[in-house]
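Here are the chains, one letter per residue:
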Amino acid sequence: MKGRVERLIELMPEAEIDVALVTDLVNVRYLTGYDGSNGIAVVGPRTRAFATDFRYIEQAAEQVHPSFARASASLDLLESVVDLVPPGAVRLGFDDAHMPVRQHARLRDLLPGRVELVPAGGLVERIRAVKEPDEVQHIRTAAQLADAAFERIIRDGLIGRTEREVAVALEHDMRERGARRPSFDSIVAAGPHGALPHAQPRDVPIRAGDLVVIDWGAELDGYCSDCTRTVAAGEPSEEAREVYELVLSAQLAGLKDVRAGRGGREVDAVARALIEAAGHGEHFGHGLGHGVGLDIHEAPRLSQRSEDILVPGNVVTVEPGVYLAGRFGVRIEDLVVVTEEGSEVLNGLSKRLLSTN
């Protein structure tokens, strides 16, 4: 596989730019290896330059790929762009998805007239969507760590503990196992609260008979994992079992359909059709899944509006759900990587309806 910078350079003619200014820190890390909180990169066919301020000079010396020339700049890194852009007339692509209007105006004031600013957002993200083998392994390892933390939480039981206590314990366990941080704020939502797809944990005890939606992930070596399981605290109702089996059937169908050449909209439709046929279409309001990598949400998307086509190296979630207001919610989510032969699920947890005390 070609290097990341080389793949970015190949996209530049399509974007009608000569050089790319990379300011989003996740993209900077992806291209250069630097994970500090202040850094920019300028990339072109004959230009590879990186700048940071005095606080990160030593860190940059250790982390930034040696193909990049390193420069020390003021805290306002935009001032350094003038020196990093190559001579002559230049079309400089900037990430309009991440750069605020005020920064754009300042950049325009700083640059000489020979430099034309061209909106070119999303180029690095397109490259990031196709994971290299080592990236897939990082995500797999993060998923395995998160799996182990979840299994410990379930062994300790849920009934009587508050949603917040469970979330804190889960995140603490992941850190103990080596995670830098949770890859997002964990969701633990019991009973009717589980009908909120993005519920925040409350200081409310989990009761016997509740279905509990747990959505969590670990960030390890910069890469994120993402998983959801719905667990029964005690004995679930018959309705809860039926809805769980429906969501599981939709999730398995979606997983089976993830393969190279399939559109994100098509995969979403396969899972959604089962839920709609059971009369719960209006209770599944979000997309089927999203890409995961250095960010917890990135390309490609599996949704009704997606224009993405899956290719080998994509890592996506498959996470259908049914949310019944005032009663309960069910969501089941796995991470899956698209391969040349089909796909591989990166999570190792059982998907049968677990019942815990």
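Scroll up for the structure.
Residues numbered from 1 in each chain as written. Predicted model: local features only at pLDDT ≥ 70, side-chain atom pairs only at ≥ 80, totals over all residues. Heavy atoms only, no water.

Visitor: What exactly am I supposed to notice about the state of the cysteines here?
Guide: One way to say it: the disulfide is the covalent bond shared by the sulfur atoms of two cysteines. Applying the stated criterion across every chain, the model contains 0 disulfides. There is no disulfide at Cys-224, and the cysteine sulfur nearest it, in Cys-227, is 14 Å away. Owing to a relative accessible area of 2%, Cys-227 belongs among the buried residues under this scheme. (Disulfide = S-S within 2.5 Å. Buried < 20%, exposed > 50% of the residue type's maximum accessible area, 1.4 Å probe, protein only.)

Visitor: Got a minute to help me understand the environment of Tyr-323 in this structure?
Guide: With respect to the element layout, Tyr-323 can be found in strand β16 (residues 321-324). In the structure, Tyr-323 is positioned 26 residues away from Leu-349 in sequence and 22 Å away in space, judged by C-alpha atoms. Not counting residues within four places of it along the chain, the set of residues in contact with Tyr-323 comprises Gly-194, Ala-195, Pro-197, His-283, His-286, Phe-328, Gly-329, Val-330 and Arg-331. A distance of 2.7 Å separates a polar atom in the side chain of Tyr-323 from a polar atom in the side chain of His-286. (Helix = DSSP H or I, 4+ residues; strand = E, 2+ residues; numbered from the N terminus. Contact = heavy atoms within 4.5 Å. Polar contact = N/O pair within 3.5 Å; in protein donor to acceptor, adjacent residues only side chain to side chain.)

Visitor: How should the packing of aromatic side chains be read in this particular structure?
Guide: In this description, a pair of aromatic rings is defined by centroid distance and the angle of the planes. Taken as a whole, this structure holds 3 aromatic pairs when the rule is applied. Where Phe-150 meets Trp-216, the ring centres are 4.6 Å apart and the plane angle is 15°; that geometry is what we call stacked. On the criterion of sequence distance, the pair formed by Phe-150 in helix α7 (residues 133-156) and Trp-216 in strand β9 (residues 211-216) is long-range, its members being 66 residues apart. Just as Phe-150 is buried, Trp-216 falls in that class too. Linked through ring pairs, Tyr-34, Phe-50 and Tyr-56 together constitute an aromatic cluster. Positioned over the ring face of Tyr-30 is Arg-4, at 4.2 Å from the centre of the ring. A cation over an aromatic ring shows up here: Arg-272 above the ring of Phe-284, its NZ or CZ 4.0 Å from the ring centre. (Phe/Tyr/Trp six-rings, centres within 6.5 Å; stacked < 30°, edge-to-face > 60°. Lys NZ or Arg CZ within 6 Å of the ring centre and 35° of its normal.)

Visitor: So what exactly am I meant to see when it comes to unusual backbone geometry here?
Guide: Among all residues except glycine, the phi angle is most often negative; among peptide bonds, the trans geometry is most common. In this chain, Ala-299 is followed by Pro-300 through a cis amide linkage whose omega measures 0°. Inspection of the secondary structure puts Pro-300 in strand β14 (residues 298-302). The backbone of Glu-16 sits at a positive phi, close to 60°, despite the residue not being glycine. Locating Glu-16 in the fold gives a position in the loop between α1 (4-15) and β1 (19-22). Judged by its relative accessible area of 54%, Glu-16 is exposed.

Visitor: In this structure, what is going on with the pairing of strand β17 (residues 328-331)? I would like to understand it.
Guide: Remember that side chains alternate between the two faces of the sheet whenever the strand is regular. Residues Phe-328 and Val-330 point to one face of β17 and Gly-329 and Arg-331 to the other, with burial holding for every one of them. The pairing of β16 with β17 spans 4 bridges and is classified as antiparallel. Following the sheet pairing, Val-322 is matched in β17 by Val-330. Joining the antiparallel neighbours β16 and β17 is a turn of 3 residues, in which Gly-326 adopts a positive phi near 80°. (Pairing = 2+ DSSP bridges.)

Visitor: What am I meant to see in the packing of α7 against helix α8 (residues 163-176) here?
Guide: Two measures define how a pair of helices packs: the angle their axes make with one another and the distance between the axes. The geometry of α7 relative to α8 is characterised by a closest axis approach of 9 Å and an angle of 135° between their N-to-C directions. Classified by the interaxial angle, the pair formed by α7 and α8 is oblique. Considering how the two elements wind past one another, α7 and α8 form a crossing that is right-handed. Packed against α7, whose contacting residues are Leu-145, Ala-146, Ala-149, Phe-150, Arg-152 and Ile-153, the element α8 presents Val-166, Ala-169, Leu-170, Asp-173, Met-174 and Glu-176 at the interface. (Axes fitted to C-alpha atoms, helices over the stretch in contact; angles between N-to-C directions. Parallel < 35°, antiparallel > 145°, perpendicular 65-115°, else oblique. Left-handed = near helix turned anticlockwise from the far one by under 90°.)

Visitor: Looking at this structure, how should I read a nonpolar patch on the surface?
Guide: A cluster of nonpolar residues, Phe-54, Ile-57 and Leu-75, forms a patch on the protein surface that exposes about 320 Å² of accessible area. Counting through the fold element by element, Ile-57 comes out in helix α3 (residues 57-63). Taking relative accessible area as the criterion, Ile-57 reaches 33% and is therefore assigned partly exposed. (Patch = residues over 30% accessible without salt bridge, like charges linked within 9 Å, V, L, I, M, F, W, Y side chains within 5 Å. Areas by Shrake-Rupley, 256 points an atom, 1.4 Å probe, with all protein chains shown as cover. Salt bridge = Lys/Arg side-chain N within 4 Å of Asp/Glu carboxyl O.)

Visitor: What is the right way to look at helix α10 (residues 264-277) in this model?
Guide: Every α-helix winds through 3.6 residues per turn, so residues three or four apart in the chain are directed the same way. For α10, with 14 residues, the first-to-last C-alpha span of 20 Å sits near the 20 Å given by 1.5 Å per residue. The sharpest bend along α10 comes to roughly 30°, located at Ala-271. The inward-facing, buried residues of α10 contact α9 (238-257), β14 and β16. (Expected span 1.5 Å × (residues − 1). Bend = angle between axes of the 7 residues up to and from the residue.)

Visitor: What exactly am I supposed to notice about the pattern of salt bridges here?
Guide: Oppositely charged side chains can pair when the atoms bearing their charge come close. Summed over all chains, the structure comprises 32 salt bridges. With a shortest N-O distance of 2.6 Å, Arg-106 and Asp-76 are connected by a salt bridge. Note that Arg-106 is positioned in helix α5 (residues 101-110) and Asp-76 in the loop between β4 (69-73) and α4 (81-84), a separation of 30 residues in sequence. Asp-76 sits in the partly exposed class, given a relative accessible area of 26%. Arg-331 is paired through a salt bridge with Asp-215; the nearest N and O atoms lie 3.0 Å apart. Highlighted residues: Arg-331 in strand β17 and Asp-215 in strand β9, separated in sequence by 116 residues. Each of Arg-4, Arg-7, Glu-132 and Glu-135 takes part in one network of salt bridges that share partners.

Visitor: Looking at this structure, how should I read the packing of α9 against α10?
Guide: Two elements in contact, α9 and α10, have axes whose closest approach is 8 Å; the angle formed by their N-to-C orientations is 160°. With respect to each other, α9 and α10 are oriented roughly antiparallel. In the crossing of α9 with α10, the sense of the turn from one axis to the other is right-handed. Taking contact as the criterion, the partners of Leu-246, Ser-249, Ala-250, Ala-253, Gly-254 and Asp-257 in α9 are, on α10, Glu-266, Val-267, Val-270, Ala-271, Leu-274 and Ile-275. Here the residues of the contact of α9 with α10 sort into 8 nonpolar, 2 polar and 2 charged. (Nonpolar A, V, L, I, M, F, W, Y, C, P; charged D, E, K, R; others polar.)

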